[in-house]
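# A structural walkthrough
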Amino acid sequence: FAAHGWRVVQVGMEAARSHPLYQWFDDLDWFYALSVNPPRYTRICYMRWLAYAASGLPFADLDVVNFGFTPADAAPFLAATTPSLISAANAMGLLTPHHYVQIIDSFRHIVEHIDDYRPHIDDVNDMTLLRHVRPEYNGAIPYTDDRFVKDYSNPGWETARLVHFAHGLTPMPRSRTIEAELRARGGGARAAGR
């Protein structure tokens, strides 16, 4: 990202802990256990939202590689009132602080009213809930557009400017696949941020 003009800020658990609702989300073991994913994994998924919200900046997960998407490309979406999750797996988003408040509030509402939602949702992972309560976040961008995140091995990933090297789609170890793709596209070590 830095090689394409972005100011990169890495956030982690420290940022999540700084969010005012950290303690509330940290006390949801019962809720995380309702997911088809392991509870620890589900908890971390929610913690990443708290960390992103604490930063208030657009986000990209560590397994999203930038092959040419610039802040100028993102500007129209950041200026719009409609938030933009530009990855089908919610691995990257062009969000503002206001959008994060909406997302966190939506998660909290579902937790507090889970019995009302359970007949309509099949899992409590963050991606499922976000698609259920905030469908407009996923509908703002046509995923056929090469400017936006393509999951590795899905149609169009070879020429996409943003590629999500998702766990289930990428041969292990992922770092080797990412490094090979950087070399193949001529990005080398500079584009990898080394």
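Everything here concerns the structure above.
Just so you know, these numbers come straight off a predicted model, no measurement behind them.

Right, let's talk about the overall build of the protein for a bit. Assigned secondary structure in the protein consists of 11 helices and 6 strands. By the burial criterion, 44% of the 194 residues in the protein qualify as buried. Carbon and sulfur atoms make up 54% of the accessible area of the protein, which totals about 10,000 Å².

What follows deals with unusual backbone geometry. Phi at Ser153 is positive, roughly 80°, even though this residue is not glycine. When you line up the elements, Ser153 lands in the loop between strand S5 (150–151) and strand S6 (162–164).

For the pair helix H4 (residues 39–55) and helix H6 (residues 97–112), the least separation of the axes is 10 Å and the interaxial angle reads 150°. One way to sum up the angle between H4 and H6 is to call them roughly antiparallel. As H4 runs across H6, the sense of the crossing is left-handed. Between H4 and H6, the contacting residues are Tyr46, Trp49, Leu50, Tyr52 and Ala53 on the first element and Tyr100, Ile103, Ile104 and Phe107 on the second. Residues that form the contact of H4 with H6 fall into these classes: 9 nonpolar, no polar and no charged.

The strand order S2-S6-S5 describes an open sheet built from 3 strands, whose pairing is mixed. Two strands lie at the open edges of the sheet, namely strand S2 (64–66) and S5, each paired on one side alone. Across 3 bridges, S2 lies against S6 in antiparallel orientation. If you follow Val65 over to S6, its bridge partner there is Val163.

Here the focus is the side chain of Asp73. Inspection of the secondary structure assignment puts Asp73 in helix H5 (residues 71–79). Every residue in contact with Asp73, bar those within four places of it in the chain, is listed here: Gly68 and Arg161.

Further remarks concern the side chain of Arg48. Checked against the element boundaries, Arg48 lands in helix H4. Dropping the residues within four chain positions of it, Arg48 is found in contact with Phe59, Asp61, Ala89, Asn90, Ala91 and Asp126.

Now for the packing of H4 against helix H8 (residues 126–133). Two elements in contact, H4 and H8, have axes separated by 9 Å at closest approach and are oriented at 60°. Viewed along their axes, H4 and H8 adopt a mutual orientation that is oblique. Contacts between H4 and H8 involve Cys45, Tyr46, Arg48 and Trp49 from the former and Asp126, Leu129 and Leu130 from the latter. Of the residues contributing to the contact of H4 with H8, the split by class is 5 nonpolar, no polar and 2 charged.

A few words on the pattern of salt bridges. With the rule as written, the count across this model stands at 7 salt bridges. Across the salt bridge formed by Arg48 and Asp61, the nearest N and O atoms sit 2.9 Å from each other. Taken together, the residues Arg48 in helix H4 and Asp61 in the loop between strand S1 (59–60) and S2 connect sequence positions 13 residues apart. By the burial criterion, Arg48 is buried, and Asp61 matches it. What you see here is one network of salt bridges that share partners, running through Arg48, Asp61 and Asp126.

A few words now on H5. Three or four residues apart is the spacing at which side chains of an α-helix point the same way, because the helix has 3.6 residues per turn. Among all positions of H5, only Asp73, Ala74 and Phe77 are buried. Seen end-on, H5 carries its buried residues on one side only, within an arc spanning 85°. Of the exposed residues in H5, the ones pointing more than 90 degrees away from its buried face are Ala72, Pro76 and Ala79.

Analysis parameters
- Numbers given for residues are sequential positions, taken from 1 along each chain in its written order.
- With pLDDT at 70 or above as the cut-off, local features in this predicted model cover only qualifying residues; side-chain atom pairs require 80 or more to be listed or tallied, and sums for whole chains, interfaces and linings still use all residues.
- Note that the side-chain values use all heavy atoms of the structure and ignore hydrogens as well as water.
- Strands here mean DSSP runs of E at least two residues long; helices mean DSSP runs of H or I at least four residues long; both are numbered from the N terminus.
- The cut-offs for exposure are 20% and 50% of the maximum accessible area for each residue type, with area from a 1.4 Å probe on protein chains only; residues under the lower value are buried, those over the upper are exposed, and the others partly exposed.
- What sets the accessible areas is the Shrake-Rupley method with a 1.4 Å probe; for residues, cover comes only from the shown protein chains.
- For helices, the axis comes from a line fit to the C-alpha atoms of the stretch in contact; other axes are also lines fit to C-alpha atoms, and the angle between any two N-to-C directions lies between 0 and 180 degrees.
- By definition in this entry, angles of less than 35 degrees are roughly parallel, angles greater than 145 are roughly antiparallel, angles of 65 to 115 are roughly perpendicular, and the rest are oblique.
- Here a crossing is called left-handed whenever its near helix is offset anticlockwise from the far helix by less than a right angle, and right-handed whenever the offset is clockwise.
- Contact criterion: two residues are considered in contact whenever any of their non-hydrogen atoms come within 4.5 Å of each other.
- Amino acids are sorted into nonpolar (Ala, Val, Leu, Ile, Met, Phe, Trp, Tyr, Cys and Pro), charged (Asp, Glu, Lys and Arg) and polar (every other residue, Gly among them).
- Pairing between strands is defined by DSSP: at least two bridges between the two strands are required.
- Whenever a carboxyl oxygen of Asp or Glu lies within 4 Å of a side-chain nitrogen of Lys or Arg, that contact is scored as a salt bridge.
- It is the directions from the helix axis to the C-beta atoms whose arc is reported.

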